[in-house]
Amino acid sequence: MSRLLLVVQRYGEEVVGGSEAHARAAAQRLAERHDVEVATTDALDYWTWAPHFPLGVAQDGAVTVRRFPVRAPRDPHFKEFEERVLLGRHTLQDELEWLTRQGPDCPQLLEFLHDVARSGEYDRVIFYTYIYLPTAQGLPIVPERAVLIPTAHRERALHLAPYRALFHLPRAIGYLTPEERDLVHEVLHNESVPSTVLGFALDAPPPSDAVAFRERHALHGPMVLYLGQVSEGKGINELLRCWDAYRAGDGVADATLVLAGTVRMELPERPDVRVLGPVSDEDKWAALTAADVLVQPSHLESLGISLLEAWQAETPALVPEWNAVTAGQVRRSGGGETYGSDADFTVKLAGLLLGTDHGARGKRWVERECSWPAFDERLEELLELAGVA
Amino acid sequence: MVQRYGDVAGGAEQHARELVRRLVPHFDVTVATTAARDYWTWENEFVPGETRVDGVPVMRFAVARPRGRDFKDRERRAFDETASLVDERAFIDSQGPVTPELLEYLSDSAATYAQILFFTYIYYPTVYGLPLAPERAVLVPTAHDEPALRLASYKPIFHAARAIAFNTEEERRLVHGRFGNARVPNDIVGVGVDVPADRSGPRFRAQHGITGPLFLYVGRVVESKGTDQLFSHWGGWVETRRALGAKLVVIGKAEMPIPQRDDVVHLGFVSEQEKYDALDAADAVIVPERYSSLSMVTLEAWACGKPVVCSAYCNVLRGMSRRSGGGLYYADHGEFSELLDLLVADPSLGKRLGAAGAAFVARTYTWPIVVEKYLDLFAEVRRRLH
């Protein structure tokens, strides 16, 4: 039993975000075997960092949560400033300032870590998400007891000055996927820091009624599902182009592409592309179960949770080969196919729609790799790598 | 990367320059430094820009502002055990030398160098510069047991450096104890000591008319080096041993009053030749300082086959004396007197100690060995880079 402190930019049941959800799951699981506290901010929204949660100490199950105030909301001109730092001519000073302007600027949390370093109150301090200020400036205060769970993606920020030393400092690093590990090693050359791949754990999906879902939406014939934000950033324009190519082929007249998620782009009105908008959790599972194939065209998808959920519903996945994370997941699980061009998309989609064992293989893999006991074991392995006896 | 470079006073800075001269045959070396000559004011006395020192390209960056006027106050606050992170930062910035352009250069150009040596842990350029290129950084901390070493702000450089070159076993133990960073590849490297073969004690004695026992102090004459205590111990001892005609020879700049007495001979600055003649003439070299990362004069005394009498309160010198068998240490006036009595009574003791010291220096602190160790640390950096 160790005394652990987990640092994350936002924490709570109502917080939306992949990294934050992972952090909370890890805190709760660790609390079954260790004494766990969380140090975080009072923000709920990752963009404004506006105060939301009461300051001070609160309880989340077995986890004690300490919330510190964000000093100032995010700078309204942050976007323009960031564009220059990420894409234009800029100085070292700009890169350092970018970190502060991104926030959340929470000096009391940093001073708390400074006190922690002196008192030795926690055996290990686990930092979630490399990119935000509490980790970028907090981890260097306690490197001798730090564990980093970076949740890094292929993004320009990873190359900025505030992070050059960060990935060299912790006792151990927990990556979410092997692709994330390879990326960080490639950019930052920190192979000497011990690391493990934590992956994810998933609850069993709730029961769902695929037949009712199809009836409600009048979906007959093959159903290809996209789940997530519907925007160009997520590659939906490319998906529509691929879909055109597929429809131009033979024998697929009654197939429908279903887009489920918040719409942030112009979409063509056509009978073979069904736009559902945001869906409830219940509908999400019904859609995943009803679908014949889940397609995830994003270039930047870094966690690939929707793939894992599709496999829980025994639905195969189709992803572009240029997204290392999702392509790696498909390769490891055998739960789908990757495509390298519009023409290849057509071939691979047609293959998956013929009915294959990809969905079943995905399901077996996800049940083995994403179980809570497997996740617990990997968390313990991470602590061991960090020198926890 | 070093805070000052060229014709400047300072142990670490001399160390850097000597090392650069020895690395030049193996590497294409560039020195990045400031335009400051004085470590207190950081005034830009050199011309900023590119120049050469000993034939090596040197890039001098202007210091943006002098040491803070509030420095002493900042230091006091940062060293208090309730100090905040903000207090620590204020101390480091006030201490300086504040060199934003040097940092911009490091940030832009780090990748064009195979490895970057950062000299001394304590100053701004290393604190903010090393984290910009940790994957190719070799830190030469020159740390000793001082309050600054307790600040959290120094942790990143000791944990992020790819390798650390310590001066002594004691420095390594101190740093590992303080930072828990034993995982960072490291070695005891230090510096090489070259002493000329031509050194003549009789020449020195004849020149200064000294015939009796001769004890030598070399270094700045200043309280922080322990010379005030040296003078009081010396006075106490020599008063009761008048018949010996013993002399304390003091070489170095006086920054405090030196007792005016015929058994203390202050020579101020002397030539290198005269210094080595004095070392050859000495029965022992006295090193009273309590804080030291590496004492050059101790290594030089040993290289000349002379015993060292040092303060037992200096971990580094006490440890090195014990390991080498080349020195004796005193904790108080009584022990100081006893050691001097022993050395005067038995000249063969001094010879045995000196020979042991010479063997220790030959084992560790010679340039071929030092350069070889740096080559090994650099190989470690390159191995990890690709």
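Parameters and conventions
Residues numbered from 1 in each chain as written. Chains lettered and ligands numbered in written order. Predicted model: local features only at pLDDT ≥ 70, side-chain atom pairs only at ≥ 80, totals over all residues. Pairing = 2+ DSSP bridges. Helix = DSSP H or I, 4+ residues; strand = E, 2+ residues; numbered from the N terminus. Axes fitted to C-alpha atoms, helices over the stretch in contact; angles between N-to-C directions. Contact = placed C-beta atoms within 7 Å. pLDDT = per-residue confidence, 0-100. Nonpolar A, V, L, I, M, F, W, Y, C, P; charged D, E, K, R; others polar. Buried ≥ 20, exposed ≤ 12 C-beta atoms within 10 Å, placed from the backbone.

Enquirer: Give me the sheet that holds strand β13 (residues 327-330) of chain B: which residues, what numbers.
Expert: All names here are of chain B. The 6 strands lie next to each other as β10-β9-β8-β11-β12-β13, forming an open sheet whose pairing is parallel. The open sheet is flanked by β10 (264-268) and β13, the only strands paired with a single partner. Sheet twist, expressed as the average angle between the axes of neighbouring strands with direction ignored, equals 25 degrees. Note that strand β12 (residues 308-311) and β13 share 4 bridges and pair parallel. Residue pairing in the sheet places V309 in a bridge with L328 of β13. The sheet contacts of helix α10 (residues 272-281) involve β8 (214-218), β9 (247-251) and β11 (284-287), and relative to β8 the element is tilted by about 140 degrees.

Enquirer: An account of the confidence of the model for chain B is needed here, citing residue identities and associated values.
Expert: A residue-level look at chain B finds 100% of positions with pLDDT of 70 or above and a mean pLDDT of 95. Among the scores for the predicted complex, ipTM is 0.85 and pTM is 0.88.

Enquirer: Could you give an account of the interface of chain A and chain B, naming the residues involved and the relevant values?
Expert: Each partner contributes to the interface: chain A provides 20 residues, whereas chain B provides 20 residues. Those elements giving two or more residues to the side of chain A that touches chain B turn out to be α3 (92-102) and α4 (107-119) of chain A. The greatest single-element share of the side of chain A that touches chain B, amounting to 4 residues, is contributed by α4 of chain A. Partitioned by chemical class, the residues of the side of chain A that touches chain B number 10 nonpolar, 6 polar and 4 charged.

Enquirer: Before we move on, could you go through unusual backbone geometry and cite the residues and values that matter?
Expert: The linkage connecting G103 of chain A with the following residue, P104 of chain A, adopts the cis geometry, with an omega of -10 degrees. Considering the arrangement of structural elements, one finds P104 of chain A in the loop between α3 and α4. Cis geometry is found at the peptide bond from G96 of chain B to P97 of chain B, where omega equals -10 degrees. Among the structural elements, P97 of chain B can be located in the loop between α3 (85-95) and α4 (100-109). With a phi angle near 50 degrees, A218 of chain A is a residue other than glycine that sits in the positive phi range. Note that A218 of chain A resides in the loop between α7 (210-216) and β9 (223-227). Residue classification places A218 of chain A among the exposed positions, given that 8 C-beta atoms sit within 10 Å. At T142 of chain B, a residue that is not glycine, the phi angle is positive and equals roughly 45 degrees. With respect to the helices and strands, T142 of chain B occurs in the loop between β5 (137-140) and α6 (155-160). Overall, T142 of chain B belongs to the buried group, with 22 C-beta atoms counted inside 10 Å.

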